[in-house]
Amino acid sequence: VQEEKIFAGKVLRLHVCTMEGAEWLEEVPEDTTVEKLKERCLKHCVPGSLEDPKTVTHHKLIHATSEKVLTDTKTVLEENIQDRDVLLLIKKRAPPPLPKMADVSAEEKRKQEQKAPDKDAILKATANLPSRNVDRTVAHHNMRDFQTELRKILVSLIEVAQKLLALNPDAVELFKKANAMLDEDEEDRVDEIALRQLTEMGFPESRAVKALRLNHMSVTQAMEWLIEHADDPAVDAPLPGQAPPEATAEAAAASAEATAGPSSETGEEEAKDELTEIFKKIRRKREFRPDPRAVIALMEMGFDEKEVVDALRVNNNQQNAACEWLLGDRKPSPEDLDKGIDTNSPLFQAILENPVVQLGLTNPKTLLAFEDMLENPLNSTQWMNDPETGPVMLQISRIFQTLNRT
C-alpha cells in the first residue's frame, strides 16, 4: 500500500455539471486544491483543453447551493465543500473589447453637439440680429427679490387690514384675546429643565438664564460659558438689546392697562382709539429682537450697539450679512424697512383684488401673522403652514411671481 494513500484525507464524491448539460462524479481528497479539481473536470469534459494553459483560468467552479465562486488557491476542505455537493463548471465571460479610437471620437463629437452653447457662441450666432434699446434699470427692477418686496407688501397690507378690522364691531374683543396670547413670547421662555440643571450645580439663576439664552438652551455650552466668564465683572449685565426686568414689568403693566376693555357706556370713537392702542401694543411686543451672540460679536469689532442692532434688523439677524452692511454703504437703511409698496402699483392692486386675500384681511390672525413676519422674517414658514394664513401667503407669492415674469 502506498504511503500517500494511507495518510490521504477523506475522499469526497462531488457531482459536477456544465452549462452544456454534461454531468459526472469526481472523487477527490479533501486536501485537493480547487485549481487541481478544475483541471480534472476540464480533462473530463473537454479533451485536449489543457494543452492551452489559459483554459483553466478561463473557467470557474461554483458551489451550487451557496452560489459561491470557489478560489483556485484554496483546498476543497477550506472551501467547506461536503460529500455529494453539486459544483458547476462555467466558462468565464470575456471582458468587453476596448472602444476603438474612431468610436471614442464619435462619442465625444456627439457629446459636444448636445452641449449647451457658451456665451461666445451665443454672441456669434446673434451678431447679425438688430439691437434693441433695453432699459437695464427697469429690467433689473422687474426681477425683484420676493423677500425684499414682501416686507413692503406686508407694511401696506397691515394698514389695509387695520382699517378693515376697525369696522368689525367685535374687533376690540378679538384683539384683546390676541394681545393676551402674545404676552408670553416664545423667545422670553427659558427651558426650565435646563435652568434647574444649572442652578443645581450652584450657578445663580439670573446668570444661568443669560447663559442659556446666549447658547440656544444648550446646557453643556451654557455651563462652559458660565465657567469661562465666572470672573468677568460684566457677567451679570443684561444682554444687549434686551430690556431689564424693571422695564419689562412696566411694559407688562402698560399692556394690561391698554387691554382693559371699555365699559358698555363708551362710545364708538373711544373703541377705535382703544383698538389703535392695542395695535400699537401688539407691534411693540413683536419688536425685533437681535441675536445676543451676534450683537456681542459685532460690538467686539468696535461697532456701536445701536448700529449693530440696526444692522441685524436690516439683515434678519444674519451676523455675516450684518457685518458686510456695517462695512459697506448701509443700504437699505432701517427707515426703509417701514416703507410700504406703492398702493397704485399693478402688483398691490392685483393682491387686493384676490378673493382669498380679501377674505384673509378680515381675519385678525392674518394681521398678527403679517406683524410677526414683518419683525421676524424667519417665522414666515410657520405662517405659510398655518391653515388660516397659509392660503393668503400662497396667493401673495403666486401673484408676485406671475407679475414678476411679465
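Per an unreviewed UniProt entry, the chain carries the name Ubiquitin-associated domain-containing protein 1 and comes from Columbina picui. The UniProt entry for the chain carries the following text under Subcellular location (unreviewed entry): "Cytoplasm". Word for word, the UniProt comment on the chain under Pathway (unreviewed entry) is "Protein modification; protein ubiquitination."

### Brief notes about the overall build of the chain
The number of helices and strands found in the chain is 21 helices and five strands. Classification of the 406 residues of the chain by burial places 34% in the buried group. Of the contacts made within the chain by residues no fewer than 6 positions apart, 60% connect residues no fewer than 24 positions apart. Per element, the accessible surface of the chain, about 26700 Å² overall, is 53% carbon and sulfur.

### Quick notes on the sheet that holds strand β5 (residues 86-91)
Spatially, five strands are ordered β2-β1-β5-β3-β4 in an open sheet, and the strand pairing comes out mixed. The strands lining the two open edges of the sheet, one partner per strand, are β2 (23-29) and β4 (68-69). Judged from the seven bridges that link them, strand β1 (residues 11-18) and β2 form a sheet pairing that is antiparallel. Looking at β2, one finds that R13 is bridged to E27. On the sheet, helix α2 (residues 34-45) packs against β1, β2, β3 (59-63) and β5 and is oriented at approximately 145° with respect to β2.

### Regarding the packing of helix α10 (residues 205-214) against helix α11 (residues 219-228)
Across the interface, α10 lies against α11 with an axial gap of 8 Å and an inter-helix angle of 120°. Relative to α11, the element α10 lies oblique. Like other packed secondary-structure pairs, α10 and α11 cross with a definite hand, here right-handed. Where α10 approaches α11, its residues R207, A208, K210, A211, L212 and L214 are matched on the opposing element by V219, A222, W225 and L226. Classifying every residue of the contact of α10 with α11 gives eight nonpolar, no polar and two charged.

### Comments concerning the environment of E307
Structurally, E307 can be placed in helix α15 (residues 305-314). Expressed as a C-alpha distance, the spacing of E307 and P334, which sit 27 residues apart in the sequence, is 9.7 Å. In this structure, E307 is in contact with W325, L326 and R330, ignoring residues within four places of it in sequence. Within polar-contact distance, the side chain of E307 engages the backbone nitrogen of D304 at 2.8 Å. Within the local environment of E307, its side chain forms a polar contact with the side chain of R330, the two groups lying 3.0 Å apart.

### What to know about helix α14 (residues 292-299)
Listed in full, the buried residues belonging to α14 are P292, A294, V295 and L298. Relative to the axis of α14, the buried residues are bounded by an arc of 165° and lie together on one face. Where the residues of α14 are buried, they touch α10, α15 and α16 (319-327).

### Some details on α10
Counting buried positions along α10 gives seven out of 10 residues, so the element sits mostly inside the fold. Among the residues making up α10, those that are buried are R207, A208, V209, K210, A211, L212 and L214. On its buried face, α10 is in contact with α9 (192-200), α11 and α14.

### Section: the environment of T75
Following the sequence through the fold, T75 ends up in the loop between β4 and β5. Once the C-alpha coordinates of T75 and K36 are considered, the two residues, 39 residues apart in sequence, prove to be 9.1 Å apart. Once residues lying within four places of it in the same chain are set aside, the contact partners of T75 are E30, D31, T32, T33 and V34.

### A closer look at the pattern of salt bridges
By the definition in use, this model includes eight salt bridges. D310 is the partner of K306 in a salt bridge, and the nearest nitrogen-oxygen pair spans 3.2 Å. Taken together, the positions of K306 and D310, both in helix α15 and four residues apart, correspond to about one turn of that helix. Accessibility expressed as a relative area gives 18% for D310, which makes it buried. D386 is paired through a salt bridge with K365; the nearest N and O atoms lie 2.9 Å apart. A residue pair is termed long-range when its members are at least 10 positions apart, and D386 in the loop between α20 (380-384) and α21 (390-405) and K365 in helix α19 (residues 364-375) qualify at 21 residues. Among the charged side chains, a salt-bridge network with shared partners connects K365, D386 and E388.

### Here's the deal with the pairing of β3
Within β3, four of the five residues are buried, which leaves it mostly tucked inside the rest of the structure. One ladder, built from five bridges, connects β3 with β5; its direction is antiparallel. Looking across to β5, one finds that H59 is bridged to K91. Linking β3 back to β4 in an antiparallel pair, the connection comprises four residues, with E67 at a positive phi of about 60°.

### A word on the pairing of β5
Pairing analysis gives four bridges linking β1 to β5, with the strands arranged parallel. Pairing of C17 across the sheet is with L88, part of β5.

### Some remarks on the nonpolar core
Among the nonpolar cores identified, the biggest contains 26 residues, and I153, L157, L347, I351, F370, M373 and I396 are the most heavily contacted of them. Those elements that provide at least two residues to this core are α7 (146-166), α17 (346-353), α19 and α21. In this structure, M373 is in contact with L154, S380, W383 and M393, ignoring residues within four places of it in sequence. C41, L42, L70 and L87 belong to the second-largest nonpolar core, a separate cluster that totals 16 residues.

Analysis parameters
- Residues numbered from 1 in each chain as written.
- Predicted model: local features only at pLDDT ≥ 70, side-chain atom pairs only at ≥ 80, totals over all residues.
- Heavy atoms only, no water.
- UniProt positions renumbered as here; feature names shortened; annotations may be inferred.
- Helix = DSSP H or I, 4+ residues; strand = E, 2+ residues; numbered from the N terminus.
- Buried < 20%, exposed > 50% of the residue type's maximum accessible area, 1.4 Å probe, protein only.
- Contact = heavy atoms within 4.5 Å.
- Areas by Shrake-Rupley, 256 points an atom, 1.4 Å probe, with all protein chains shown as cover.
- Pairing = 2+ DSSP bridges.
- Axes fitted to C-alpha atoms, helices over the stretch in contact; angles between N-to-C directions.
- Parallel < 35°, antiparallel > 145°, perpendicular 65-115°, else oblique.
- Left-handed = near helix turned anticlockwise from the far one by under 90°.
- Nonpolar A, V, L, I, M, F, W, Y, C, P; charged D, E, K, R; others polar.
- Polar contact = N/O pair within 3.5 Å; in protein donor to acceptor, adjacent residues only side chain to side chain.
- Arc of directions from axis to C-beta.
- Salt bridge = Lys/Arg side-chain N within 4 Å of Asp/Glu carboxyl O.
- Core = buried A, V, L, I, M, F, W, Y, C linked by side-chain atoms within 4.5 Å.

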